Amino acid sequence: MGRLDGQVAVVTGAGTGIGAAIARTLAREGAHVAVTDINEDWARQVAEEIRQSGGVAEAWRLDVTSKAENVSVMDAVVAKWGRLDIVCPNAGVSTMNWAKDLTEEEWDYNFNVNTKGVFFTCQAAIPHMIRQGGGRIIITASMAGHRAVPLLAHYAASKWAVIGFGLSLAVEVGKYNIKVNLICPGFVRTSMQEREIVWEGQLRGMDPEAVRAEYVSKTPLGRIEEPQDVANAVLLLCLPEADFITGAVLDVTGGAHLT
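Residues numbered from 1 in each chain as written. Predicted model: local features only at pLDDT ≥ 70, side-chain atom pairs only at ≥ 80, totals over all residues. Heavy atoms only, no water.

### Thoughts on the packing of aromatic side chains
- Throughout the structure, instances matching the rule amount to 5 aromatic pairs.
- Aromatic pair Phe187 and Tyr215: ring centres 4.4 Å apart, planes at 10°, arrangement stacked. Taken together, the residues Phe187 in the loop between β6 (178-185) and α6 (191-204) and Tyr215 in helix α7 (residues 208-217) connect sequence positions 28 residues apart. Tyr215 carries the same exposure label as Phe187, and that label is buried. (Phe/Tyr/Trp six-rings, centres within 6.5 Å; stacked < 30°, edge-to-face > 60°. Helix = DSSP H or I, 4+ residues; strand = E, 2+ residues; numbered from the N terminus. Buried < 20%, exposed > 50% of the residue type's maximum accessible area, 1.4 Å probe, protein only.)

### Brief notes about the pairing of strand β3 (residues 56-61)
- Across 6 bridges, the pairing between strand β2 (residues 32-37) and β3 is parallel. What sits directly across from Asp37, in β3, is Arg61.
- Since β2 and β3 lie parallel, the crossover through helix α2 (residues 40-52) that links them has a hand, and here it is right-handed. (Pairing = 2+ DSSP bridges. Right-handed = clockwise from strand over helix to strand, strands pointing away.)

### Describing the environment of Glu241
- By the element assignment, Glu241 lies in the loop between α8 (227-238) and β7 (249-252).
- Expressed as a C-alpha distance, the spacing of Glu241 and Leu4, which sit 237 residues apart in the sequence, is 12 Å.

### Concerning the packing of α6 against α7
- At a closest axis distance of 8 Å, the pairing of α6 and α7 adopts a crossing angle of 110°. With respect to α7, the element α6 is oriented roughly perpendicular. The element α6 and its partner α7 pack so that their crossing is right-handed. Touching Gln193, Glu194, Glu196, Ile197, Glu200, Gly201 and Arg204 of α6 are Pro208, Val211, Arg212, Glu214 and Tyr215, all from α7.
- Split into classes, the residues belonging to the contact of α6 with α7 amount to 4 nonpolar, 2 polar and 6 charged. (Axes fitted to C-alpha atoms, helices over the stretch in contact; angles between N-to-C directions. Parallel < 35°, antiparallel > 145°, perpendicular 65-115°, else oblique. Left-handed = near helix turned anticlockwise from the far one by under 90°. Contact = heavy atoms within 4.5 Å. Nonpolar A, V, L, I, M, F, W, Y, C, P; charged D, E, K, R; others polar.)

Structure (structure tokens):
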């Protein structure tokens, strides 16, 4: 028996990295998981891996910056499985640059996916959760959402905005028994991190491996974070023991947010 048997979850940006780890983890605990990603092939691959492992999953293409696509996917998930218990707005992007050199395109790209995308996903899910008497929304934010991050000022701003939105939403929808919490990962080993290490090395005149070593040195627990570390925290917030937790901002960083 899984701890999430009978529940239905939607994870955005689930074709790779943190989102894929969340999808696999929720499925292992018995949830029916909608694996969504702007890259449908990636989403299908993760969904197939889940099914091969004995879980239940289907893939949907989802561009989170489209309000209509968010609504369509949530409606399709409910039509297929009858309910919507857990939504993980996880899709995110980054670019890296000195603030003085940032382009409008970089700013808009980060905010459109990281902030507006979360807004649209939540907004599309809430009516279904209200109708069934409750649900859980667990947003992937970032430790960049509550600290200064040189080279990522625009990304940090988008994540500060996400935290402000999520906390405000928690207050608004609590009366419907909808819990809204946020996870703030640190230096996570993903394809996004691999790109950022190269970018940061170029911008700071450093070897990429020296950048990686610096990330480790800034993490008190002494290693690069894995996507599974984030997925484990998401699972905790999905369990019955977390029924009275809403409006939490949970740092899952190995202590990196303290340095």
